[in-house]
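Coordinate inspection notes
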Amino acid sequence: MFQILIAEDDKNTRKLMEAVLKCNGFNPIPASSGEEALKLLDRHHIDLAVLDIMMPGMDGYDFARLLRDCNNDIPILMLSAKQLPEDVKKGFLSVTDDYMTKPVDEAVM
């Protein structure tokens, strides 16, 4: 089963993403912070990482750069309320594979 890491500090958003992914046949692996997500990477095979940008401690940009610095090629989807062109550009410069803005339309998730 396709396993998707969800690093999202907002509990309600994280729970919604988990529910949508489960209903579509995926196995979501939730984390409330970048630090927790790193620990989960050691215990689970991850097929895709969905990262919130604005998390306390390690944000999504730092998490993505750390993965790439360690030669980890897990596909990364950055998910953020930040919608300005410079925010999207910064996401791609942090070596993310795709960028999606909140609120997320469940149909495109």
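What comes next concerns the included structure. (Residues numbered from 1 in each chain as written. Predicted model: local features only at pLDDT ≥ 70, side-chain atom pairs only at ≥ 80, totals over all residues. Heavy atoms only, no water.)

Brief notes about the sheet that holds strand 4 (residues 76-80)
Read from one edge to the other, the open sheet built from five strands follows the order 2-1-3-4-5, with strand pairing classed as parallel. Two strands bound the open sheet, and with one partner strand each, they are strand 2 (27-31) and strand 5 (98-101). For this sheet, the mean angle separating the axes of adjacent strands, direction not counted, is 20°. Two strands pair when backbone bridges link them, and strand 1 (residues 3-7) and strand 3 (residues 48-52) are joined in this way by four bridges, in the parallel orientation. Looking at strand 3, one finds that Ile-4 is bridged to Leu-48. This element, helix 2 (residues 34-43), spans strand 1 and strand 2 of the sheet and lies at about 135° to strand 2. The strands touched by helix 3 (residues 60-69) are strand 1, strand 3 and strand 4; relative to strand 4, the strand with the most contacts, the crossing angle is about 170°. (Pairing = 2+ DSSP bridges. Helix = DSSP H or I, 4+ residues; strand = E, 2+ residues; numbered from the N terminus. Axes fitted to C-alpha atoms, helices over the stretch in contact; angles between N-to-C directions. Contact = heavy atoms within 4.5 Å.)

Here's the deal with the environment of Asn-24
Examined against the element boundaries, Asn-24 turns out to sit in the loop between helix 1 (11-23) and strand 2. In terms of polar contacts, Asn-24 uses its side chain to reach the backbone carbonyl oxygen of Val-20, at 2.7 Å. (Polar contact = N/O pair within 3.5 Å; in protein donor to acceptor, adjacent residues only side chain to side chain.)

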